[in-house]
Amino acid sequence: DVKVTQSSRYLVKRTGEKVFLECVQDMDHENMFWYRQDPGLGLRLIYFSYDVKMKEKGDIPEGYSVSREKKERFSLILESASTNQTSMYLCASSPYPSGSTADTQYFGPGTRLTVL
Amino acid sequence: GIQVEQSPPDLILQEGANSTLRCNFSDSVNNLQWFHQNPWGQLINLFYIPSGTKQNGRLSATTVATERYSLLYISSSQTTDSGVYFCAVERRYNFNKFYFGSGTKLNVKP
């Protein structure tokens, strides 16, 4: 069965702390994504990666960085957390585009981050 | 980017009722998906439907790509259908970048 896991369901951090959010998928997917979800705004793409050590900025990359050292793991890093980064963070993975039903994204359970 | 608008933003149904959710998008797309987010936050793909019609049990979806909209039909709704429904599109020639609508929050009452 398809599985995407995230390191924490709930996380509380202080302003200025460095925060690591980890995501692991077991489907051998090439693509991995980080989104944040805020009320009324849907999901917004922060970064995505289409291969190991490859990354591209999404729509809201400011204040974030990512790391993909292994195919199955994609990390989101908040270099210096701020209160406006309080949000739900969702990781997803998908296979390389082929124009088939297998191109769907599979999501992890999410991490609700609160920055105080 | 591409604009994705979903309507209605909120919907309350009595169990057993039918409903239609709409997704409008502003540009040509490679890929359109419907997702359901359950009350615990988990997003599950319902349909991959860049064009045409698909059915899965009580749910069906239709995308008219030339007119840039998609519809999700829920028939004989159940309380387990509650949650938020998202439409997400992948813009043509812009692979891997998905744009989500702001969702339709559905509450099915027993």
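Before reading further, recall that the structure is shown in the block above.
These remarks concern the structure in this document. (Residues numbered from 1 in each chain as written. Chains lettered and ligands numbered in written order. Predicted model: local features only at pLDDT ≥ 70, side-chain atom pairs only at ≥ 80, totals over all residues. Heavy atoms only, no water.)

1. Some points on the packing of aromatic side chains
Step number 1: One pass over the structure, following the stated rule, counts ten aromatic pairs over all chains.
Step number 2: Ring geometry for A:Tyr35 and B:Phe100: centres 5.2 Å apart, planes at 80°, overall edge-to-face. Highlighted residues: A:Tyr35 in strand β4 (residues 31-38) and B:Phe100 in strand β10 (residues 98-100), drawn from two different chains. Exposure class is identical for A:Tyr35 and B:Phe100. Each is buried. (Phe/Tyr/Trp six-rings, centres within 6.5 Å; stacked < 30°, edge-to-face > 60°. Helix = DSSP H or I, 4+ residues; strand = E, 2+ residues; numbered from the N terminus. Buried < 20%, exposed > 50% of the residue type's maximum accessible area, 1.4 Å probe, protein only.)

2. Considering the state of the cysteines
All names here are of chain A.
Step number 1: By the definition in use, this model includes two disulfides over all chains.
Step number 2: Across the disulfide, Cys23 is cross-linked to Cys91 (sulfur-sulfur distance 1.8 Å). On the sign convention where negative means left-handed, the S-S torsion of about -75° between Cys23 and Cys91 marks this disulfide as left-handed. Taken together, the residues Cys23 in strand β3 (residues 19-25) and Cys91 in strand β9 (residues 87-94) connect sequence positions 68 residues apart. With respect to class, Cys23 is no different from Cys91; both count as buried. (Disulfide = S-S within 2.5 Å.)

3. Details of the pattern of salt bridges
Side chains that differ in sign of charge can pair as their charged atoms come close.
Residue and element names in this part refer to chain A.
Step number 1: For the structure shown, the criterion picks out eight salt bridges over all chains.
Step number 2: Here Glu22 and Arg73 are joined by a salt bridge, their closest N and O atoms 3.8 Å apart. Linking Glu22 in strand β3 with Arg73 in strand β8 (residues 73-78), this pair joins segments that are 51 residues apart in sequence.
Step number 3: The partly exposed category is assigned to Glu22, whose relative accessible area is 24%.
Step number 4: Residue classification places Arg73 among the partly exposed positions, given a relative accessible area of 39%.
Step number 5: Between Asp38 and Arg36 there is a salt bridge, with the nearest N and O atoms lying 2.8 Å from each other. There is no split in this pair, since Asp38 and Arg36 are both buried.
Step number 6: Sharing partners across several salt bridges, the network here consists of Asp28, Glu30 and Lys71. (Salt bridge = Lys/Arg side-chain N within 4 Å of Asp/Glu carboxyl O.)

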